[in-house]
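Observations on the model geometry
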Amino acid sequence: MDIMQLRYFVSVADLRSFSETAHEFCISQSSVSKKIMALEDELGAKLFERTAKKVVLTMVGQNFYEHAIKMLDTYDAMQDDIGNMVCGRKESITLYTIPVLSHYKIIDWIIQFQMKYPNISVNIYENESVQIFSALQQRKVDFGIVRSNYLDKESYVQWPLVQDELAIVVSKEHPLADRGCVSLTECRNEKFILPNLAADLYNISMEACKKAGFRPKLFCYLNGRPEYTMKIIEKGLAVSLMMKKLAKNIEGFGVKTVSIEETVKSTTALVTSKNRSLSVKDKNFIRMLQKVSKIS
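These numbers were taken from a predicted model, which means no experiment stands behind them.

**A closer look at the nonpolar core**
In this structure, Ile106, Leu166, Ile168, Leu270 and Phe285 are the most contacted members of the largest nonpolar core, which totals 70 residues. The element best represented in this core is strand β6 (residues 156-171), accounting for 8 residues. Setting aside anything within four residues of it in sequence, one finds isoleucine 168 in contact with Val182, Cys187, Phe192, Val239, Ser240, Leu241, Lys256, Thr257, Val258 and Ile260.

Written out as structure tokens, the structure is:
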């Protein structure tokens, strides 16, 4: 048994595909199959049930998967520690996040962490939740920051950071701008700016409108920072559903964030795979973010 056999095995288990694993590691599918068969021969048990349509773990395979994850984590941590000692290089944490760090001031908390632990660099990449969960599943990233509305709690562990709720954002000249609170049904005839279909906020917004009895009329989809949405709203061309704290942090003189009667809450959380072993630096990172956030 060697490390690469374990890596191939975990990849096949995660992707449920020998061909996708072969593509990921840039080797032939037959090479992956031979490695897995050799592993099964050594263990004296089948690890996968193979059918024409899918590959699934056997009971033995599921048990071995949990051990393999721990062995790979230990091996990778050992390599990092030895490399740091020999080469004097910095440790790192790789973080994929939805684009909320500056608006929720999470970036300030990360800066505090790096000031306290200057030997650890935090590499940050913005993406949508679908890509974040895919990267976590394939063990390409240490942590993700996502909205937990659709989090698979069987697969991921979370540490809540910020609680927020849905609100309507309108031009200051809009008839609803001076209202303290409105019903979402009052907005049924408005034109909406919606986030791209891969964003959790899109699904949250669509579900809220559906419960209010209508499907929002589309002005446009806007994939990008919420400041772009604010510019269009300011001109009175459309309205948008946004998280209240996020909207208030960026609203300019020409827009107004108005509460809605229908309470739709969302928690932004730090997440990682449940079967991933946490290193000391991981635990320090989690502890720092929890300490400074105090569930904002």
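**Some details on the packing of aromatic side chains**
Scanning all chains against the criterion turns up 13 aromatic pairs. Between phenylalanine 143 and phenylalanine 285 the ring centres are 5.5 Å apart and the planes differ by 40°, which places this aromatic pair in the tilted class. Placement of phenylalanine 143 in strand β5 (residues 143-147) and of phenylalanine 285 in helix α10 (residues 280-293) is noted, with a sequence separation of 142 residues between them. Like phenylalanine 285, phenylalanine 143 is buried. Members of the aromatic cluster, connected to one another through ring pairs, are Phe9, Phe18, Phe48, Phe64 and Tyr65.

**Regarding unusual backbone geometry**
Positive phi outside glycine occurs at lysine 105, with the angle close to 65°. Mapped onto the elements of the fold, lysine 105 is located in the loop between β3 (91-97) and α5 (106-116). The class for lysine 105 is partly exposed, based on a relative accessible area of 45%.

**Digging into the pairing of strand β10 (residues 239-243)**
On a regular strand, one side chain projects to one face of the sheet and the next to the other, so that they alternate. Counting buried positions along β10 gives 5 out of 5 residues, so the element sits mostly inside the fold. Across 4 bridges, the pairing between β6 and β10 is antiparallel. Residue pairing in the sheet places alanine 167 in a bridge with methionine 242 of β10. Here 2 bridges tie strand β8 (residues 191-194) to β10, and the two strands are oriented parallel to one another. Bridging across to β10, isoleucine 193 finds its partner in serine 240.

Definitions and limits used
- Residues numbered from 1 in each chain as written.
- Predicted model: local features only at pLDDT ≥ 70, side-chain atom pairs only at ≥ 80, totals over all residues.
- Heavy atoms only, no water.
- Core = buried A, V, L, I, M, F, W, Y, C linked by side-chain atoms within 4.5 Å.
- Buried < 20%, exposed > 50% of the residue type's maximum accessible area, 1.4 Å probe, protein only.
- Helix = DSSP H or I, 4+ residues; strand = E, 2+ residues; numbered from the N terminus.
- Contact = heavy atoms within 4.5 Å.
- Phe/Tyr/Trp six-rings, centres within 6.5 Å; stacked < 30°, edge-to-face > 60°.
- Pairing = 2+ DSSP bridges.

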